[in-house]
Amino acid sequence: MPKMKSNRGAAKRFSRTGSGQFKCTHSHHRHILTKKSAKRKRQLRGTTMMAAVDVPAVRRMLPYG
């Protein structure tokens, strides 16, 4: 039986933490930044944990994490 393949688009966007959760970057921080407040841009930095409702879909796309 061949190896399972992970979804390459998902692999670039999500990564698994040591406890098994998924982390991802915030959206809306790439362009059109002039109209966004400094507070909003500051809060979009870094990573966040996936919403619990989206985790099963990501787990299917990344079987080996």
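Counting from 1, residues in each chain are numbered in the order their sequence is written. Local features in a predicted model are, by the rule used here, given only for residues with pLDDT of at least 70; side-chain atom pairs are given and counted only at 80 or more, and totals for whole chains, interfaces and linings are based on all residues. Hydrogens and water molecules were not included; the side-chain quantities draw on all heavy atoms of the structure.

Attention now goes to the environment of Gln 21. Secondary structure elements are taken from DSSP: a helix is a run of H or I of four residues or more, a strand is a run of E of two residues or more, and numbering for both begins at the N terminus. With respect to the helices and strands, the residue Gln 21 is situated in the loop between strand E1 (14–16) and strand E2 (22–25). Each C-alpha atom, one on Gln 21 and one on Leu 33, is 30 Å from the other, the two residues being 12 residues apart in sequence. Should any heavy atoms of two residues lie within 4.5 Å, those residues are counted as being in contact. With sequence-adjacent residues up to four places away left out, Gln 21 is seen in contact with Ser 15, Arg 16 and Met 49.

The antiparallel open sheet is built from 3 strands, whose spatial order is E1-E2-E3. Two strands bound the open sheet, and with one partner strand each, they are E1 and strand E3 (47–49). When strand polarity is set aside, the average angle formed by the axes of neighbouring strands in this sheet is 35 degrees. When DSSP finds two or more bridges between two strands, those strands count as paired. For E1 and E2, the ladder comprises 3 bridges, and the chain directions are antiparallel. If you follow Ser 15 over to E2, its bridge partner there is Lys 23. Angular values range over 0 to 180 degrees, each being the angle between N-to-C directions of two axes fitted as lines to C-alpha atoms, with helices fitted over their stretch in contact.

A few words on unusual backbone geometry. Located in the positive-phi region is His 28, a residue other than glycine, with phi close to 70 degrees. Among the structural elements, His 28 can be located in the loop between E2 and helix H2 (38–43).

What follows deals with the nonpolar core. In this structure, Ala 10, Phe 14, Phe 22, Cys 24, Met 50, Val 55, Val 58 and Leu 62 together form the largest nonpolar core, which totals 8 residues. Looking at this core, the elements with two or more residues in it are E2 and helix H3 (55–61). Each residue touching Ala 10, except ones within four places of it in the same chain, is listed here: Met 61 and Leu 62. Throughout, nonpolar core names a set of buried Ala, Val, Leu, Ile, Met, Phe, Trp, Tyr and Cys residues whose side chains join them through atoms within 4.5 Å. Only protein chains enter the calculation, and the probe is 1.4 Å; a residue is then buried if its accessible area is under 20% of its type maximum, exposed if over 50%, and partly exposed in between.

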